[in-house]
Amino acid sequence: MFLIRFFVFIAFMVICMACPSVSYSAEAQSDSDLLAELLWPGVSNAPASKRPSVGIALAGGGARAFTHTGVLQEMKYENFPIDYVTGTSMGSVIGAYYAAGLPFEDLWNLGDRMLVLGIKKDFLNLGIIKLIFTGKMMQAPNIKNIIEEMFGDRNIEDLPKPFACIAVDVRTGERVVLRSGPVALAVRSSSNFPGFFEPIAYDQRYLIDGGVIENVPVGTVKAMGADWIIASVDNIVSDNMPENVYSVLMQVINVRGNILASESVKQADFVIDPPVGSISTVAFEKTMEAAFAGLAQTVRDMPAMKKAYMIKAIPMITATPIGN
């Protein structure tokens, strides 16, 4: 057993030395990749209590947030542990879906389902005329129906993985962390676009989209107990000029969210940021494109992400007394 731990320690040191790629040769980097792959099963399969817990924070971003689908798919394929999940706005929808343990293949089709079931109708129907001429905000019946169909009567505290999402109390401006109660109501609150849709009544509060105040909920997943945190972001600032009132308002929120997120992301241990700035926040016909972009980026990032986590995990795993 001593020799095994000695080998693991030496391998760990090689990985640590090879991580700063600017300082080491391609051959050294390749050797460290091989060692990392050899050690990875022991790290990823370690009991949760014997390794650093992992949290993932999923950013908002409308259709662009479907990058998280590809991110989560690749992490599942590589058996990368995820112990805590947080999300904001559309990130809360995908995060809750994942935390609920719903069929993963359905997550890939979620964007198409949302499009077919009429999510755009809530933005493009005559309610906008009502908003302009009467000043009264719209309801979002299609979004409500879609989310309630997805989650049914599930409660957050009963999900297989600990989950939280972020909303804002429109009266006080307070950040509200939703960690209990109906999943559907919490997710609707977190993704409730401000200025268009009526605030959602929730436990004596009136809630709107959490992206206004915490678009990448890194601090929240840290507070839940995560020792090592991944931030999955989605190019919050678009490459395209907004084309309508909704797009302008969404872009204003995204720009503000980008400013706030830049500080939040600094708290993460690893950041996955796929290039999806060309996808509009309402281009739900392109959610599959966004998901594949997330998958491709995570494939590229996976070797570095494994090494970064192993540097944190191996000392804890090897320090565990034999037999425990």
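What comes next concerns the included structure.

Thresholds applied
- Residues numbered from 1 in each chain as written.
- Predicted model: local features only at pLDDT ≥ 70, side-chain atom pairs only at ≥ 80, totals over all residues.
- Heavy atoms only, no water.
- Axes fitted to C-alpha atoms, helices over the stretch in contact; angles between N-to-C directions.
- Helix = DSSP H or I, 4+ residues; strand = E, 2+ residues; numbered from the N terminus.
- Parallel < 35°, antiparallel > 145°, perpendicular 65-115°, else oblique.
- Left-handed = near helix turned anticlockwise from the far one by under 90°.
- Contact = heavy atoms within 4.5 Å.
- Nonpolar A, V, L, I, M, F, W, Y, C, P; charged D, E, K, R; others polar.
- Phe/Tyr/Trp six-rings, centres within 6.5 Å; stacked < 30°, edge-to-face > 60°.
- Buried < 20%, exposed > 50% of the residue type's maximum accessible area, 1.4 Å probe, protein only.
- Salt bridge = Lys/Arg side-chain N within 4 Å of Asp/Glu carboxyl O.
- Core = buried A, V, L, I, M, F, W, Y, C linked by side-chain atoms within 4.5 Å.

### Looking at the packing of helix α3 (residues 67-77) against helix α13 (residues 287-318)
(1) Moving on: Look at α3 against α13: their axes get within 6 Å of each other, and the N-to-C directions meet at 40°. Here α13 runs oblique to α3, going by the angle between their axes. The handedness of the crossing between α3 and α13 is right-handed. For the pair α3 and α13, the contacting residues are T67, T69, G70, V71, Q73, E74 and M75 in the first and A290, A291, G294, L295, T298, V299, M302 and M305 in the second.
(2) Moving on: Classifying every residue of the contact of α3 with α13 gives 8 nonpolar, 6 polar and 1 charged.

### Quick notes on the packing of aromatic side chains
(1) Moving on: Scanning the model with the defined rule gives 9 aromatic pairs in all.
(2) Moving on: Seen in terms of ring centroids, Y97 and F151 are 6.4 Å apart; in terms of plane orientation they differ by 70°. Their pairing is edge-to-face. Placement of Y97 in helix α4 (residues 90-99) and of F151 in helix α9 (residues 141-151) is noted, with a sequence separation of 54 residues between them. Considered together, Y97 and F151 belong to a single accessibility category, that of buried residues.
(3) Moving on: Linked through ring pairs, W40, F80, W228 and Y309 together constitute an aromatic cluster.

### Concerning the pattern of salt bridges
(1) Moving on: On inspection of all chains with the given rule, the structure shows 7 salt bridges.
(2) Moving on: For E37, the salt bridge identified is with K306, shortest N-O distance 3.0 Å. Note that E37 is positioned in helix α2 (residues 26-44) and K306 in helix α13, a separation of 269 residues in sequence.
(3) Moving on: Note on E37: relative accessible area 43%, which makes it partly exposed.
(4) Moving on: A relative accessible area of 1% places K306 in the buried class.
(5) Moving on: Its salt-bridge partner being D169, residue R205 comes within 3.2 Å of it at the nearest N-O pair. Of this pair, R205 sits in strand β6 (residues 205-209) while D169 sits in strand β3 (residues 163-169), and the two are 36 residues apart along the sequence.
(6) Moving on: Given the relative accessible area of 28%, R205 is considered partly exposed.

### A closer look at the environment of M310
(1) Moving on: The residue M310 is located in helix α13 in this model.
(2) Moving on: Taking relative accessible area as the criterion, M310 reaches 0% and is therefore assigned buried.

### A look at the nonpolar core
(1) Moving on: Ranked by size, the top nonpolar core spans 67 residues in total, and within it I56, L72, M75, F80, F151, I230 and M305 carry the most contacts.
(2) Moving on: If one sorts the elements of this core by residue count, α13 sits on top with 10 residues.
(3) Moving on: Residues A57, A164, V216 and V218 belong to the second largest nonpolar core, which totals 14 residues.

### Here we look at unusual backbone geometry
(1) Moving on: With phi around 55°, N79 is a residue other than glycine that occupies positive phi space.
(2) Moving on: Its place among the elements puts N79 in the loop between α3 and β2 (84-88).
(3) Moving on: Residue class for N79 comes out partly exposed when judged on its relative accessible area of 37%.
(4) Moving on: Of note in the backbone geometry, Q204 takes a positive phi value of approximately 65° without being a glycine.
(5) Moving on: Along the chain, Q204 falls in the loop between β5 (200-202) and β6.
(6) Moving on: Q204 gets classed as exposed once you look at its relative accessible area, which sits at 74%.

### Some details on the environment of D153
(1) Moving on: Locating D153 in the fold gives a position in the loop between α9 and β3.
(2) Moving on: The spatial distance from the C-alpha of D153 to the C-alpha of V183 is 7.5 Å, given a sequence separation of 30 residues.

### Some thoughts on the packing of α3 against α4
(1) Moving on: Direction vectors running N to C along α3 and α4 enclose 30°, while the axes themselves pass 10 Å from each other. Taken together, α3 and α4 sit at an angle that is classed as roughly parallel. Crossing geometry of α3 relative to α4 is assigned as right-handed. Packed against α3, whose contacting residues are H68, T69 and L72, the element α4 presents G91, I94 and Y98 at the interface.
(2) Moving on: By residue class, the composition of the contact of α3 with α4 is 3 nonpolar, 3 polar and no charged.

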